[in-house]
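Single-letter residue listing:
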Amino acid sequence: MTTSLAEQQERARIDQLLASDQANDQRVEGIYLDALKLIKTNLQAFYVRYATDQGLTVAEVKRDVTKWDLDQFVDAIKELLEDDDKSDGELSKRLKLFQYQAAKGNRQDLLAAMIGATIAISTKHAHKASRQHLADDYANERQWQSDALKRLAVHHEWTLPKQHNVDIKPNVAKMIDGSQWSDTLWNHSDAMVTDVQNVVRDSLNNGMSQDNLGQLIKHLKPADKEQGNLESAAKKRMWQIETLVRSESARVVDEATMDQLKNDDASLIDIVIEPDACKKCRHLAGMGPFKIENCPSFPSDTHPNCRCKKINHDLTDQKYLESLRTRLLMMKLT
């Protein structure tokens, strides 16, 4: 089956979006891996200070906190905090809780509080990076859509713009700023805190040996997963956060696409599937073209992580494109 130029170009755009997803995944993962690195450093310092020949005993971690312990907690927070973090309500609420836990509990409680505070601050940074990612993807898609006729008529090669000058509608602003997804992000973050705290608590409750510590702080390859390891404990929630952001990016891109399709008075819509599209999306694409008022929304009508897109059905018609090229040529000549 012959693929139209419009479909070929849209698939190239999907590849750009997938690359953007991958870059943001690495950015977010890097934020959390830096947090885990700081947690590892503090666990090592704690072990060096309090371990005996028998390792870090249960009795030792159950003792009351000292000034040194509290200083470690405060220094960990200071190392990560940025100026604009203090104004974030979700972060402030969690930091107050962890500060109270650190000051009023025993050493094990302080370690749990340090883990919680470190991951919470990192989530604020991931939230900020993700908002910028959504804004960039939306602005790029607006530009892509506005250039559609030029690309198709004169085979214009399109590259990602370096600067944006795009007005963002209030409903799209809510999609981008986190109003509609930040609660879910923080829920995943809280679950990550619990998972990491639990793997540390399990090691401490049995008395931590040097080997236990080594397994706990071991750096893993991306695909690896091991019991009793900090990175393994955090990976599931990192993946959930990355999935959430990719899905929200698909939502704002779909919004930009629909705005342009309506501006172009498109009546029929085709679906262009992403590489390795799932069975559901392949079936959906085969049902097209759709009337614009009844076409599916991405990802609401498909699935999380969906990168399938829409095009104006008319743009797949060679006769339509020839007439379009003629009109553009006449415009240049006048």
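Draft legend 1. Region of interest: the overall build of the protein chain. Helix and strand counts for the protein chain come out as 12 helices and 3 strands. Taken across its 334 residues, the protein chain has 48% of its residues classed as buried. Contacts in the protein chain between residues at least 24 apart in sequence constitute 77% of all its contacts with a sequence separation of at least 6.

Draft legend 2. View of the packing of helix α5 (residues 107-146) against helix α8 (residues 182-205). For the pair α5 and α8, interaxial distance at closest approach is 9 Å and the crossing angle is 150°. Comparing the axis directions of α5 and α8 gives the class roughly antiparallel. Between α5 and α8 lies a crossing of right-handed hand. Listed contacts from α8 to Gln108, Leu111, Ala112, Ala113, Ile115, Gly116, Ile119, Ala120, Thr123, Lys124 and His127 of α5 are Ser182, Leu185, Trp186, Ser189, Met192, Val193, Val196, Gln197, Val200, Arg201, Leu204 and Asn205. For the contact of α5 with α8, the per-class residue count stands at 13 nonpolar, 8 polar and 2 charged.

Draft legend 3. Representation of helix α9 (residues 210-217). Considered for burial, the residues of α9 that qualify are Leu213, Leu216 and Ile217. End-on, the buried residues of α9 take up no more than an arc of 80°, which puts them together on one face. Looking at the buried positions of α9, the neighbouring elements they touch are α1 (5-50), α8 and α10 (230-263).

Draft legend 4. Focus on the nonpolar core. In this structure, Phe73 and Val196 are the most contacted members of the largest nonpolar core, which totals 59 residues. Put simply, the parts of the chain that give this core at least two residues each are α1, α3 (67-80), α4 (89-104), α5, α7 (170-177), α8, α9 and α10. Considering every element that reaches this core, the biggest residue donor is α5, with 13 residues. If near-sequence neighbours (up to four positions away) are discounted, Val196 is found in contact with Leu36, Ile115, Ile119, Leu230, Ala233 and Ala234.

Draft legend 5. Spatial organisation of unusual backbone geometry. Cis geometry marks the peptide bond from Gly288 to Pro289; its omega dihedral reads 0°. Residue Pro299 follows Phe298 across a cis peptide bond; omega there is 0°. By secondary structure assignment, the location of Pro299 is in the loop between β2 (290-291) and β3 (309-312). The backbone of Asp276 sits at a positive phi, close to 60°, despite the residue not being glycine. Checked against the element boundaries, Asp276 lands in the loop between β1 (268-272) and α11 (279-286).

Draft legend 6. Just the pattern of salt bridges, in detail. With the rule as written, the count across this model stands at 21 salt bridges. Linking Arg63 and Glu60 is a salt bridge whose minimum nitrogen-to-oxygen distance equals 3.4 Å. In this structure, Asp84 and Lys124 form a salt bridge, with 3.7 Å as the shortest nitrogen-oxygen distance. Residue Asp84 is located in the loop between α3 and α4, and its partner Lys124 is located in helix α5; the two are separated by 40 residues in the primary sequence. Classification of Asp84 by relative accessible area gives partly exposed; the value is 32%. Through salt bridges with shared partners, a single ionic network connects Glu10, Arg13, Glu141 and Lys309.

Draft legend 7. Spatial organisation of the packing of aromatic side chains. Inspection of the entire model under this criterion finds 2 aromatic pairs. Over the face of the ring belonging to Tyr50 we find Arg107, whose NZ or CZ atom lies 3.7 Å from the ring centre. Across from the ring centre of Phe298, 5.4 Å away, lies the NZ or CZ of Lys310, which sits over that ring.

Draft legend 8. Here's a closer look at the side chain of Gln108. Along the chain, the position of Gln108 falls in helix α5. Reaching out from Gln108, the side chain makes a polar contact with the side chain of Lys62 at a distance of 3.5 Å. Beyond its immediate stretch of four places on either side in the chain, Gln108 contacts Val61, Lys62, Arg201, Leu204 and Asn205.

The rules we used
- Residues numbered from 1 in each chain as written.
- Predicted model: local features only at pLDDT ≥ 70, side-chain atom pairs only at ≥ 80, totals over all residues.
- Heavy atoms only, no water.
- Helix = DSSP H or I, 4+ residues; strand = E, 2+ residues; numbered from the N terminus.
- Buried < 20%, exposed > 50% of the residue type's maximum accessible area, 1.4 Å probe, protein only.
- Contact = heavy atoms within 4.5 Å.
- Axes fitted to C-alpha atoms, helices over the stretch in contact; angles between N-to-C directions.
- Parallel < 35°, antiparallel > 145°, perpendicular 65-115°, else oblique.
- Left-handed = near helix turned anticlockwise from the far one by under 90°.
- Nonpolar A, V, L, I, M, F, W, Y, C, P; charged D, E, K, R; others polar.
- Arc of directions from axis to C-beta.
- Core = buried A, V, L, I, M, F, W, Y, C linked by side-chain atoms within 4.5 Å.
- Salt bridge = Lys/Arg side-chain N within 4 Å of Asp/Glu carboxyl O.
- Phe/Tyr/Trp six-rings, centres within 6.5 Å; stacked < 30°, edge-to-face > 60°.
- Lys NZ or Arg CZ within 6 Å of the ring centre and 35° of its normal.
- Polar contact = N/O pair within 3.5 Å; in protein donor to acceptor, adjacent residues only side chain to side chain.

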